[in-house]
Amino acid sequence: MAETIQLVRQIAVRAIVTENFKTQVGNEINRNLQQIDAELQQLEFKGKRAVSDIEKRSQGGNDVRPQIEAIRQQVETEKARLMQLKEEMQGQFQALSELPLGSVVTQFTVENPVEVRIGENIFQRLEGGEILVKDGIIQEIRI
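Chemist: Help me understand the overall build of the chain, please; the structure alone is not making it clear to me.
Modeler: Per the secondary structure count, the chain includes three helices and four strands. In summary, the chain has a C-alpha radius of gyration of 25 Å against a globular reference of 15 Å for 143 residues, an excess of more than 25%. Along the three orthogonal principal directions, the C-alpha set of the chain runs to about 80 × 50 × 20 Å. With 143 residues in all, the chain has 26% of them scored as buried. A separation of at least 24 residues holds for 82% of the contacts in the chain among residues at least 6 apart in sequence. Accessible surface computed for the chain: about 10400 Å², of which carbon and sulfur atoms make up 51%. Averaging the locations of the 18 positively and 22 negatively charged side chains of the chain gives two centres separated by 5 Å.

Dropping the structure here:
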């Protein structure tokens, strides 16, 4: 029987909000918004091209309305998903602008291996710690 085992726990990486932090995160959000806009344009183009291709191939008189409607529905569904994502990004940008300097926000989590032994309190051993960063520089490690 084993006496120990390696498990994985989650560690929060938390950032102190600075002007530099706001600029970096704002730039990332703007890049994401530009990517979404590019995807929307590409989606429109591909949808129109697909409809055009079907219409060209069906000059024999076949009823292609169901195919065209299916393509339009797919395009509208994907467009709605991208627009929702865009709205979420815009909301994040607004929330970022309202963050007070010096406040602390969770940026992401990382996994950390931890060894547990027979007789230990598993909840205490797996309790997550945190890494505090300021402008990308680790300020404190709390485990």
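Chemist: Honestly, the pairing of strand β4 (residues 137–142) in this entry has me stumped. Any pointers?
Modeler: Regular strands place their side chains on alternate faces of the sheet. Burial of β4 is sparse: only zero of the six residues sit out of reach of the surface. The sheet contact formed by strand β3 (residues 130–134) and β4 spans five bridges and is antiparallel. Counterpart to Glu-130 in the pairing with β4 is Arg-142. Between β3 and β4, which pair antiparallel in sequence order, lie two residues; one of them, Asp-135, sits at a positive phi of approximately 55°.

Chemist: Would you mind showing me how to read the pattern of salt bridges here?
Modeler: Any two side chains of opposite charge can pair, so long as their charged atoms come close to each other. All told, the structure shown has eight salt bridges when counted by the stated rule. Salt-bridge contacts for Glu-120 lead to Arg-125; the nearest nitrogen and oxygen are separated by 3.4 Å. The exposure class of Glu-120 is partly exposed, given its relative accessible area of 33%. You can call Arg-125 partly exposed: its relative accessible area is 29%. One salt-bridge network, held together by shared partners, links Arg-14, Glu-130, Glu-140 and Arg-142.

Chemist: What exactly am I supposed to notice about the confidence of the model for the chain here?
Modeler: Interpreting fine coordinate detail is not advised for predicted regions of low pLDDT. Scored by pLDDT, the chain has a mean of 91; 98% of the residues are at 70 or more. Mean pLDDT across the elements of the chain bottoms out in helix α3 (residues 122–126) (87) and peaks in β3 (96).

Parameters at a glance
Residues numbered from 1 in each chain as written. Predicted model: local features only at pLDDT ≥ 70, side-chain atom pairs only at ≥ 80, totals over all residues. Heavy atoms only, no water. Helix = DSSP H or I, 4+ residues; strand = E, 2+ residues; numbered from the N terminus. Rg over C-alpha atoms; globule rule 2.2 N^0.38 Å. Buried < 20%, exposed > 50% of the residue type's maximum accessible area, 1.4 Å probe, protein only. Contact = heavy atoms within 4.5 Å. Areas by Shrake-Rupley, 256 points an atom, 1.4 Å probe, with all protein chains shown as cover. Lys, Arg positive; Asp, Glu negative; His and termini not counted. Charge placed at Lys NZ, Arg CZ, Asp CG, Glu CD. Pairing = 2+ DSSP bridges. Salt bridge = Lys/Arg side-chain N within 4 Å of Asp/Glu carboxyl O. pLDDT = per-residue confidence, 0-100.

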